[in-house]
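So the chains spell out like this:
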Amino acid sequence: MNHLAEHTLPKAEISEIMPADILLRPARDIRVVVAMSGGVDSSVAAAIMQAKGYQVIGITLQLYNHGDTSTAPARKGACCAGQDIHDARNVAAHLGITHYVLDYENRFKQSVIDDFADSYVRGETPLPCVRCNQSVKFNDLLAETKRLGADALITGHYIRKQVHDGVALLYRAVQDKKDQSYFLFATTAAQLETLYFPLGGQDKAVTRQMAEYYRLPVAAKAESQDICFVPDGNYRTILEKLRPEAFVGGDIVDMAGNILGQHKGIAHYTIGQRKGIGIGGGMGDGGGAGDDTKPLYVLKLDAKHQRVIVGEKQALGNESILLGNCNWFMEDDALMQQSVMVKYRSVMTPIQARLERQTDKMRVHFTKPQYGIAPGQAAVCYHGDRVLGGGWIQRET
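Everything quoted here is computed from the prediction, not taken from an experiment. (Residues numbered from 1 in each chain as written. Predicted model: local features only at pLDDT ≥ 70, side-chain atom pairs only at ≥ 80, totals over all residues. Heavy atoms only, no water.)

### Focus: helix α6 (residues 128-147)
Here's step 1: Across its 20 residues, α6 extends 27 Å between first and last C-alpha, which sits within 8% of the 28 Å expected from 1.5 Å per residue.
Here's step 2: At Gln134, α6 is bent by approximately 25°, the largest bend along its length.
Here's step 3: One or two steps after α6, the chain reaches Gly149, where phi turns positive at roughly 70°. (Helix = DSSP H or I, 4+ residues; strand = E, 2+ residues; numbered from the N terminus. Expected span 1.5 Å × (residues − 1). Bend = angle between axes of the 7 residues up to and from the residue.)

Right, dumping it as structure tokens:
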């Protein structure tokens, strides 16, 4: 049944979402797959497609079992908690669309959870949401889309896709605080040909209003958290079970190697951390342990020797970072000529930088030192609202 009103669609015309060659066909002949997480955004995305008359198939991925990683109960608002599959089914039934639940637990554990745990063992700060989008959510869902003979994969992400001269490009969402481009930088050009994001041109408030208008069962559902497989909000609970070696004790040292104290595992620390280091005092004038009270920060995590290296804030500064495993949406020559803005954390405002190609990697030079940058995180580059691409921050020493 198709009982939803056209006037509730986003301001962006549907032609900005679907390519012209597909739109030449009647909507009833166009099949789309919608990735349905059980949340408000993906549910509204499904409703939009259904309202336009497309053949809509909803797919929900069963990614993990909380019992595999934690004995704690899932907290309210946790993404992909046990209620989510039930919610997605209810939405699909309400819309009258076909819905499948696919078991991807093993794939998710290998591609996302194990990588997350291994990153901490290496002394890095992982970014599992990008890994999940890069592998399971896009790569595998696109394979399912093709298998089902569908023309497009629709998601509820807040990001915009536009096609210029036959080339698909990514742009930041119109609502800055909801923009998810940082988490989608690794999406490849080939994947973009089939991916579409109907919510990137509107505010979250509009999405909520649409959910209420469509009378979706999840209209009042709370926002999900980023790390879906951390049900109690404490990642150390998972790490202690999966990688106990990350909690082997060792020395806390200064930059000269002087021992200042002991720690109970590098997994307790992140680059730039100030509070909870576990030692008193500060740094003396000679760089060793002193009795002054200058604050200490975590500078590096030496996983090989189980050492936490601390020092004053000025030692945290980075004038540049090196990116590996990059994904770019334009050629090198054009990329080097861009006035680049960079984010190395998802919540930060982009800052000015320039790019320098170094063999198969890219160096990002900042106009002024940046602090607390952690290996294992991502840096994403922009030109205005356009996403140029990005890469993974590498450890250099």
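### What to know about unusual backbone geometry
Here's step 1: Even without a glycine there, the phi angle at Arg215 is positive, about 60°.
Here's step 2: Although it is not a glycine, Asn325 sits at a positive phi angle of roughly 50°.
Here's step 3: Take Asn325: it is sitting in strand β14 (residues 318-328).

### Description of the packing of helix α2 (residues 40-51) against helix α8 (residues 204-213)
Here's step 1: At a minimum axis distance of 10 Å, the contact between α2 and α8 shows a crossing angle of 65°. In terms of crossing hand, the pair formed by α2 and α8 is left-handed. Across the interface between the two elements, Val40, Asp41, Val44 and Ile48 from α2 touch Lys204, Thr207, Arg208, Met210 and Ala211 from α8.
Here's step 2: A per-class count over the contact of α2 with α8 returns five nonpolar, one polar and three charged. (Axes fitted to C-alpha atoms, helices over the stretch in contact; angles between N-to-C directions. Left-handed = near helix turned anticlockwise from the far one by under 90°. Contact = heavy atoms within 4.5 Å. Nonpolar A, V, L, I, M, F, W, Y, C, P; charged D, E, K, R; others polar.)

### Observations regarding the pairing of strand β12 (residues 297-302)
Here's step 1: Along β12, five of the six residues are buried, which leaves the element largely enclosed by surrounding structure.
Here's step 2: Of the strand pairs in this sheet, β12 and strand β13 (residues 307-311) are connected by five bridges, and their pairing is antiparallel. Residue Asp302 lies in a different strand from β13, and its bridge partner there is Arg307.
Here's step 3: Counted along the chain from β12 to the antiparallel partner β13, the turn is four residues long, and its residue Gln306 has a positive phi close to 55°. (Buried < 20%, exposed > 50% of the residue type's maximum accessible area, 1.4 Å probe, protein only. Pairing = 2+ DSSP bridges.)

### Comments concerning the nonpolar core
Here's step 1: Counting 53 residues, the largest nonpolar core has Ile59, Leu61, Leu63, Phe108, Phe229 and Leu239 as the members making the most contacts within it.
Here's step 2: Secondary structure elements with two or more residues in this core: β1 (31-35), β2 (55-62), α5 (105-121), α6, β6 (167-172), α9 (235-242), β18 (378-383) and β19 (386-393).
Here's step 3: Among the elements that line this core, the one with the most residues is α6, at seven residues.
Here's step 4: Not counting residues up to four positions away in its chain, the partners in contact with Leu239 are Phe116, Ala117, Tyr120, Pro244, Phe247 and Ala267.
Here's step 5: Residues Ile48, Val56, Ile97 and Leu216 belong to the second largest nonpolar core, which totals 31 residues. (Core = buried A, V, L, I, M, F, W, Y, C linked by side-chain atoms within 4.5 Å.)

### A closer look at the pattern of salt bridges
Here's step 1: The full count for this structure, using the stated rule, is 20 salt bridges.
Here's step 2: We note a salt bridge from Lys221 to Asp84, for which the minimum N-O separation is 2.5 Å. Here Lys221, found in the loop between α8 and α9, pairs with Asp84, found in helix α4 (residues 83-95); they are 137 residues apart in sequence, far enough to count as distant.
Here's step 3: You can call Asp84 buried: its relative accessible area is 7%.
Here's step 4: Between Arg363 and Glu396 there is a salt bridge; the shortest N-O distance is 2.6 Å. Remark: Glu396 occurs in the segment after β19 and Arg363 occurs in strand β17 (residues 361-370); sequence separation between them is 33 residues.
Here's step 5: On the basis of relative accessibility, which here comes to 11%, the residue Arg363 falls in the buried class.
Here's step 6: Overlapping salt bridges, with partners in common, bring together Asp41, Lys178, Lys204, Arg208 and Glu223 in one network. (Salt bridge = Lys/Arg side-chain N within 4 Å of Asp/Glu carboxyl O.)

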